[in-house]
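Now for the letters of each chain:
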Amino acid sequence: MTELSLRGLTKRFGAATAVEDVTLDIPHGKFVCLLGPSGCGKTTLLRLIAGLEEPTSGQVLVAGQDQTGVPTHRRDFGMVFQSLALFPHLSVAENVAYPLAIRGIDRATRRKRAAELLEMVRLPDVGERRIHQLSGGQRQRVAIARGLAIDPQVFLLDEPLSALDANLREHMQVELRQLQQRLGVTTVVVTHDQKEALTMADVLIVMDQGRVQQMGAPMDLYRDPANAFVAGFIGSTNLIPCRLSGRVLDMPGGRVALADGDRVKCPEGAAVLSVRPEDVRFAEQGLPATVGFIRDLGESVQFVLERDGQQVTALFAPRERPSVGLGDTVRLAFEPGRLVVLAP
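Residues numbered from 1 in each chain as written. Predicted model: local features only at pLDDT ≥ 70, side-chain atom pairs only at ≥ 80, totals over all residues. Heavy atoms only, no water.

Along its length, the protein chain carries eight helices and 20 strands. Seen along its three principal axes, the alpha-carbon backbone of the protein chain occupies a region of about 75 × 45 × 35 Å. Here the protein chain, with 344 residues, has 47% of them falling under the buried criterion. Once local pairs closer than 6 in sequence are excluded, the contacts in the protein chain between residues at least 24 apart make up 68%. Looking at charge distribution, the protein chain has the averaged site of its 39 positive side-chain charges lying 4 Å from that of its 40 negative ones. (Helix = DSSP H or I, 4+ residues; strand = E, 2+ residues; numbered from the N terminus. Buried < 20%, exposed > 50% of the residue type's maximum accessible area, 1.4 Å probe, protein only. Contact = heavy atoms within 4.5 Å. Lys, Arg positive; Asp, Glu negative; His and termini not counted. Charge placed at Lys NZ, Arg CZ, Asp CG, Glu CD.)

Structure (structure tokens):
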């Protein structure tokens, strides 16, 4: 069942187009990440869904019902802002219950619901505290609890973990994902963090210049990107200029014959080969390159290779580390069935 649908959604600010003709369907109960560089339109799109911005054209539908003209406070949506927007003059429990208060819910019901939500986010004993008495992670949980107070049809979060340090951020990614799975609420999160999106999302939506570039399961986008932008933005990849002729790629230093399973997404002629660092191998025959840098990352070893004025990155497990050093000449081969040829 489709929960959230966008139809031709466009938002212009004067002559500038922030979101352009976005049409997509988000199934019920899925965790969706809007991912893209700064200024790509992802936050504007979230605000259009929430009703905080009025679209220039297009529709927002939930369970088939048009929400486009419905005020924000009358949409059955929960939201967590990037700033969290918690009220310092209210207690933690009052912050959590605030969405219920503005809907006229009685005090006893509000208190009971706030206690239930604080228990759910593992903060059962902080209801009487003030916001300044909480840690960053605790404030994050309070904001999430408040967003869930009304049992929303759709839960919206704008860069919810951006202010946390790296360790706490990773911990909260897991907590947020587990909470969403337990509740089964349709959730849309804006992030610019690729790892965060790959960690949490059922569905990934990659945006650039106000348009959706690709939508799908995270590993589908990682392994089968629609274009060079998606390939370069999702994870790390090598984009190597080449010329496509049939199933053969011509590039400086040699040729690469495509194998079964390698994907071609452009016509013959100028092209770019996308190959992930973990799919680069050293071989007896292949494209010549020089080892320019070696970095031990603990769980892997990274080799930065120089060839024809371009850097190519390769990753190896520590037990598979090649016996080569800085300045050595190597030959590069690529894992068959893992290559994608794209328009330049």
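Among the secondary structure elements, Thr187 is positioned in strand S8 (residues 186-191). What Thr187 contacts, discounting residues up to four positions off in sequence, is Lys30, Phe31, Val32, Phe155, Leu157 and Gln180.

Moving on, we get to the sheet that holds strand S16 (residues 280-296). Overall, antiparallel pairing links the four strands, which are arranged S18-S17-S16-S19 in an open sheet. A single partner strand is all that each edge strand has here, and the edge strands are strand S18 (310-316) and strand S19 (329-334). On average, adjacent strands in this sheet sit at an angle of 50° to one another, irrespective of strand direction. Pairing geometry for S16 and S19, over seven bridges, is antiparallel. Across the sheet, the residue bridging to Pro288 is Arg331, located in S19. (Pairing = 2+ DSSP bridges. Axes fitted to C-alpha atoms, helices over the stretch in contact; angles between N-to-C directions.)

Before going further, it helps to examine the pairing of strand S4 (residues 57-62). Here S4 runs beside strand S5 (residues 65-66); their pairing, made up of two bridges, is antiparallel. The residue of S5 that forms the bridge with Val62 is Gln65. Hairpin connection, S4 to S5: the antiparallel pair is bridged by two residues, and Ala63 has positive phi, about 50°.

Let's shift gears to the pattern of salt bridges. Throughout the structure, instances matching the rule amount to 19 salt bridges. A salt bridge links Arg321 to Asp296, with the shortest nitrogen-to-oxygen separation between them at 3.8 Å. Here Arg321, found in the loop between S18 and S19, pairs with Asp296, found in strand S16; they are 25 residues apart in sequence, far enough to count as distant. Taken together, the shared-partner salt bridges in this structure form one network comprising Arg223, Glu278, Asp279 and Arg338. (Salt bridge = Lys/Arg side-chain N within 4 Å of Asp/Glu carboxyl O.)

Looking now at the sheet that holds strand S9 (residues 203-208). One open sheet accounts for six strands, arranged S6-S7-S8-S3-S9-S10; its pairing is mixed. Single-partner strands in this sheet number two, and they are strand S6 (77-80) and strand S10 (211-216). Neighbour to neighbour, the strand axes of the sheet diverge by 15° on average, direction disregarded. Sheet topology note: the S6/strand S7 (residues 154-158) ladder contains four bridges and is parallel. Pairing of Phe77 across the sheet is with Val154, part of S7. Docked against the sheet, helix H4 (residues 136-147) engages S6 and S7, running at close to 165° with respect to S6. Strands in contact with helix H5 (residues 166-183) are strand S3 (31-35), S7 and S8; relative to S3, the strand with the most contacts, it is inclined by about 135°.

Enumeration over the complete set of coordinates arrives at five aromatic pairs. Between Phe303 and Phe316, the aromatic rings sit 5.6 Å apart at their centres with planes inclined by 85°, giving edge-to-face as the arrangement. Pair noted here: Phe303 is in strand S17 (residues 301-307) and Phe316 is in strand S18, with a separation of 13 residues, a long-range link. Residue Phe303 shares its accessibility class with Phe316, and that shared class is buried. Aromatic ring contacts, followed pair by pair, group Phe282, Phe303 and Phe316 into a single cluster. Here the basic side chain of Arg146 rests over the ring of Phe87, its NZ or CZ set 5.6 Å away from the ring centre. (Phe/Tyr/Trp six-rings, centres within 6.5 Å; stacked < 30°, edge-to-face > 60°. Lys NZ or Arg CZ within 6 Å of the ring centre and 35° of its normal.)

Phi angles above zero are rare outside glycine, and Ala63 is one such case at about 50°. With respect to the helices and strands, Ala63 occurs in the loop between S4 and S5. For Glu159, which is not a glycine, the phi torsion comes out positive at approximately 45°. Relative to the helices and strands, Glu159 resides in the loop between S7 and H5.

With that settled, the discussion passes to the packing of helix H2 (residues 92-101) against H4. Two numbers describe how H2 lies on H4: the axes approach to 7 Å, and their chain directions differ by 30°. By the angle between their axes, H2 is roughly parallel relative to H4. For the element pair H2 and H4, the recorded crossing hand is right-handed. Counted together, Val92, Asn95, Val96 and Pro99 of H2 and Val142, Ala145 and Arg146 of H4 form the full contact between these two elements. Its residues placed into classes, the contact of H2 with H4 shows five nonpolar, one polar and one charged. (Parallel < 35°, antiparallel > 145°, perpendicular 65-115°, else oblique. Left-handed = near helix turned anticlockwise from the far one by under 90°. Nonpolar A, V, L, I, M, F, W, Y, C, P; charged D, E, K, R; others polar.)

Bringing the packing of H2 against helix H3 (residues 107-120) into the picture now. The N-to-C vectors of H2 and H3 enclose an angle of 120°; their axes lie 9 Å apart at closest approach. Between H2 and H3, the angle falls in the class oblique. Between H2 and H3 lies a crossing whose hand is right-handed. Across from Val92, Ala93, Val96, Ala97, Leu100 and Ala101 in H2, the residues of H3 making contact are Arg110, Arg113, Ala114, Leu117 and Leu118. Looking at the contact of H2 with H3 residue by residue, the class counts come to nine nonpolar, no polar and two charged.

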